[in-house]
Amino acid sequence: MTLAEIRKQFPILEQQVNGKPLIYFDNGATAQKPLAVIHSIDDYYQKYNSNIHRGVHHLSQLATNRYEESRDILQKFVNARKNYEIIFTAGTTGGINLVASSFGKKFLDKGDEVIISAMEHHSNIVPWQMICEERGANLRVIPINDKGELIYEEYIKLLSHRTKLVAITHISNTMGTINPVRKMIVNAHEIGAKVLIDAAQSVPHMKLDVQELDCDFLVFSAHKMFGPTGVGVLYGKEELLNEMPPYQGGGDMIKEVTFEKTTYNCLPHKFEAGTPNIAGGIATAEAVKFMNEVGFDFIEHQEHELLTYATKRLSEIEGVRIIGTSSNKASVISFVVAGTHPFDVGTLLDQMGIAVRTGHHCTQPLMNFFGIPGTIRASFAFYNTKEEVDVFIAAIKKAIMMLS
Ligand code: 7TS
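Residues numbered from 1 in each chain as written. Predicted model: local features only at pLDDT ≥ 70, side-chain atom pairs only at ≥ 80, totals over all residues. Heavy atoms only, no water.

1. Examining the overall build of the chain
Worth spelling out the cut-off: By definition, any uninterrupted DSSP run of H or I lasting at least four residues is a helix, any uninterrupted run of E lasting at least two residues is a strand, and each is numbered from the N terminus. Two things to know: the radius of gyration comes from C-alpha atoms, and the globule rule equals 2.2 Å times the number of residues to the power 0.38. To sort residues, take the accessible area from a 1.4 Å probe on protein chains only and compare it with the maximum for the residue type: under 20% means buried, over 50% means exposed, and anything in between is partly exposed. Here, residues are in contact when the closest pair of their heavy atoms is within 4.5 Å. Methods summary: accessible areas were calculated by the Shrake-Rupley approach with a probe of 1.4 Å, and residue burial reflects only the protein chains presented. Residues scored as positive are Lys and Arg, those scored as negative are Asp and Glu, and His as well as the terminal groups of each chain are ignored. To locate a charge, the coordinates of NZ of Lys, CZ of Arg, CG of Asp or CD of Glu are taken.
Scanning the chain from terminus to terminus reveals 14 helices and 17 strands. For 404 residues, the compact-globule formula gives about 22 Å, and the C-alpha radius of gyration of the chain, at 22 Å, lands near that figure. For the chain, the C-alpha atoms occupy an extent of roughly 70 × 55 × 35 Å along the three principal directions. In the chain, buried positions account for 55% of the 404 residues. Contacts in the chain between residues at least 24 apart in sequence constitute 71% of all its contacts with a sequence separation of at least 6. Of the accessible surface of the chain, which amounts to about 17000 Å², a share of 53% is contributed by carbon and sulfur atoms. The chain carries 39 positive and 45 negative side-chain charges, and their two centres are separated by 2 Å.

2. As for the domain arrangement of the chain
Note the following rule: For the domains described, the bounds stem from an automatic or database domain assignment. A quick way to say it: buried area is the sum, across both parts, of accessible area lost when two parts are put together, with a 1.4 Å probe. Each polar contact in these results corresponds to two N or O atoms within 3.5 Å; when the atoms are within protein, one needs to be able to donate a hydrogen and the other to accept it, and residues that are neighboring in sequence are counted only if both atoms are side-chain atoms. In the scheme used here, Gly and all other residues not listed as nonpolar or charged are polar, with Ala, Val, Leu, Ile, Met, Phe, Trp, Tyr, Cys and Pro taken as nonpolar and Asp, Glu, Lys and Arg as charged.
Each domain of the chain was delimited in the assignment, giving domain 1 (3–25 + 295–399) and domain 2 (38–292). On a C-alpha basis, the centres of domain 1 and domain 2 stand 28 Å from each other. Taken residue by residue, the interface counts 33 residues in domain 1 and 29 residues in domain 2. Roughly 2500 Å² is buried in total at the junction of domain 1 and domain 2, and carbon and sulfur atoms are behind 63% of that figure. One can count 16 residue pairs in polar contact (both at pLDDT 80 or more) joining domain 1 with domain 2. Listing elements by their share of the side of domain 1 that touches domain 2, those giving two or more residues are helix H11 (296–315), strand S14 (332–337) and helix H13 (364–370). A total of six residues in the side of domain 1 that touches domain 2 trace back to one element, the largest contributor, which is H13. Grouping the constituent residues of the side of domain 1 that touches domain 2 by class yields 16 nonpolar, 13 polar and four charged.

3. A look at helix H10 (residues 278–294)
Stated formally: Multiplying 1.5 Å by the residue count of a helix minus one yields the expected span of that helix.
Taking 1.5 Å per residue, 17 residues should reach 24 Å; H10 reaches 25 Å between its end C-alpha atoms and fits that length. Buried residues dominate H10, accounting for 14 of its 17 residues. Residue Asn 277 occupies the N-cap position of H10, its side-chain oxygen lying 2.8 Å from the main-chain nitrogen of Gly 280. Downstream of H10 by one or two residues, Gly 295 has phi in the positive range, about 95°.

4. As for the nonpolar core
Spelled out, the test is: Residues enter a nonpolar core if they are buried and are Ala, Val, Leu, Ile, Met, Phe, Trp, Tyr or Cys, with the set joined through side-chain atoms within 4.5 Å.
Judged by nonpolar contacts, the single largest core of 74 residues is most densely connected at Leu 218 and Tyr 383. Looking at this core element by element, the count peaks at seven residues for H10. Here this core gathers at least three residues from each of two domains, domain 1 (3–25 + 295–399) and domain 2 (38–292). Aside from chain neighbours lying at most four places away, what touches Tyr 383 is Leu 3, Ile 6, Arg 7, Phe 10, Leu 13, Tyr 24, Asn 27, Ala 31, Gln 32, Phe 226 and Glu 388. One finds Ile 322, Val 345, Leu 349 and Ile 393 within the second-largest nonpolar core, a separate group that totals 28 residues.

5. Considering the pattern of salt bridges
One side chain can pair with another of opposite charge once the charged atoms of both are near each other. Stated formally: Whenever Lys or Arg places a side-chain nitrogen within 4 Å of a carboxyl oxygen from Asp or Glu, that contact is recorded as a salt bridge.
Counting across every chain of the model gives 19 salt bridges. Of the charged contacts, one joins Asp 214 and Lys 237 as a salt bridge, the two residues approaching to 2.9 Å between their closest N and O atoms. With Asp 214 in the loop between helix H8 (210–213) and strand S9 (217–221) and Lys 237 in the loop between strand S10 (232–236) and helix H9 (238–243), the pair connects residues that are 23 residues apart, well separated along the chain. Note that Lys 289 and Glu 286 form a salt bridge whose closest N and O atoms lie 3.0 Å from each other. With Lys 289 and Glu 286 both in helix H10 and three residues apart, the pair spans about one turn of that helix. Relative accessible area serves as the criterion here: at 15%, Glu 286 is assigned to the buried category. Through salt bridges with shared partners, a single network forms among Arg 66, Glu 69, Glu 286 and Lys 289.

6. With respect to the packing of aromatic side chains
The description of an aromatic ring pair uses the distance of the two centres, along with the angle that the planes make with each other. Basically, it comes down to this: Each Phe, Tyr or Trp ring (for Trp, its six-membered ring) is paired with any other whose centre lies within 6.5 Å, and the angle between the two planes then decides the class: stacked below 30 degrees, edge-to-face above 60, tilted in between. In this scheme, Lys NZ or Arg CZ marks a charge over a ring once it lies within 6 Å of the ring centre and within 35 degrees of the ring normal.
Scanning all chains against the criterion turns up 19 aromatic pairs. Consider the rings of Phe 25 and Phe 392, whose centres lie 5.3 Å apart with planes at 80°: the pair is edge-to-face. Here Phe 25, found in the loop between strand S3 (23–24) and helix H2 (35–48), pairs with Phe 392, found in helix H14 (residues 386–403); they are 367 residues apart in sequence, far enough to count as distant. Note on Phe 25: relative accessible area 0%, which makes it buried. Note on Tyr 152 and Tyr 155: the rings are 5.4 Å apart at their centroids and 70° apart in plane angle, and the pair reads as edge-to-face. Within this pair, Tyr 152 and its partner Tyr 155 are both found in helix H6 (residues 152–158), separated by three residues, close to a single helical turn. For Tyr 155, a relative accessible area of 1% gives the class buried. A network of ring pairs unites the aromatic residues Phe 10, Phe 226, Phe 290, Phe 382 and Tyr 383 as a single cluster. Sitting over the ring of Tyr 152, Lys 183 keeps its end group 4.3 Å from the ring centre. Its end group placed over the ring of Tyr 309, Lys 386 keeps NZ or CZ at 5.0 Å from the ring centre.

7. A closer look at the site of the ligand
This is how it is decided: A molecule or strand has a residue near it when one of that residue's heavy atoms lies within 4 Å.
Around the ligand lies a shell of 16 residues, among which Thr 93, Asp 198, Ser 221, Arg 357 and Arg 377 are the nearest. Here Thr 93 contributes a side-chain N or O atom positioned 2.5 Å from an oxygen atom of the ligand. Asp 198 places a polar side-chain atom, nitrogen or oxygen, 2.5 Å from a nitrogen atom of the ligand. Contact with the protein chains hides 87% of the accessible area of the ligand, taken as 490 Å² for the molecule alone. Broken down by class, the residue content of the shell around the ligand amounts to two nonpolar, ten polar and four charged.

Below, the structure is given as structure tokens:
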């Protein structure tokens, strides 16, 4: 597919906002959906809406088959060994809370430690704080340097026999820093700790392989990889998931219920209580197929071009300071403009049809580290263009003039 053909699959991009052609640079928050995903949701509700795993009737079987096919497609997508290592969740946040609660109850005791980093999204901070408090465990934080990179020696120093889990983002949503997760997993495993990778920001940009990474858990959201909102995936190693207690109780997660005792269903159902987002789960497979069709070679190439070009052009503007200058970055650029508030710049960009995210991006500790209230963040997807970057750069210059 050419770039023009790809863009045709995203009708939302064709509109005008405030009288200007929309430029959507807020892909880190949520990505747009191709027609295949939209049609899949429509199809489910028009043709075979019914509950899964319970009905013998035709529609229920159809829905169940499609939902389970989607699990298989996701298994292949991240190269999990077994399809039941793929647990459907409500999103990255849902997956992290599941692991924090379930793994935490089973494996965290007084004095144990969970390691996170200074660049985590609140979703990968707060659930660990909550479970650590409950279990009497301690949260330790890997510091970062001024470029927004982890200080690796400090990570090594933090690892000890007390470390039960390392929960780390693969890519920083605010800065785009790509963390050396493969190496981090090896080091954590050396001391017997388990590792959860928050892949919310990496799964739309690069091919992931959970066997090659050897992570114990990996979580992501469908909506950031061109799928629907309200769906996510938790990958977990079979042995670990089997050892962990259920997270929520309810329908589908049981084998047998009596008032005296309930026995639990096998994987993956043990962790999937209640009726899920069926249409969303099915449509997620369409998002995967679409990304595979576009191809990760194209995705990586296009996004690298956009990142390099936009970084160069932005750096040339007086007063602009880029937050996060690691040499190993995904297509995310956060910046501040001297003498302006990110919100004001964002508002002016919106008036010019450009969607960026402004604020702390759910990474308040990171903002505190840099001593700033927030940033303006442009996050690119493979459907963005250099021409859009040119319009964006001109718009920033204009905004700076208007605000000075
Ligand atoms: N982890 C990371 C690294 C994220 O970027 C996000 C969402 C989450 C977890 C939570 O994902 P959710 O789908 O469960 O909400 N990040 C952003 C963002 O950067 N702007 O809006 C949401």
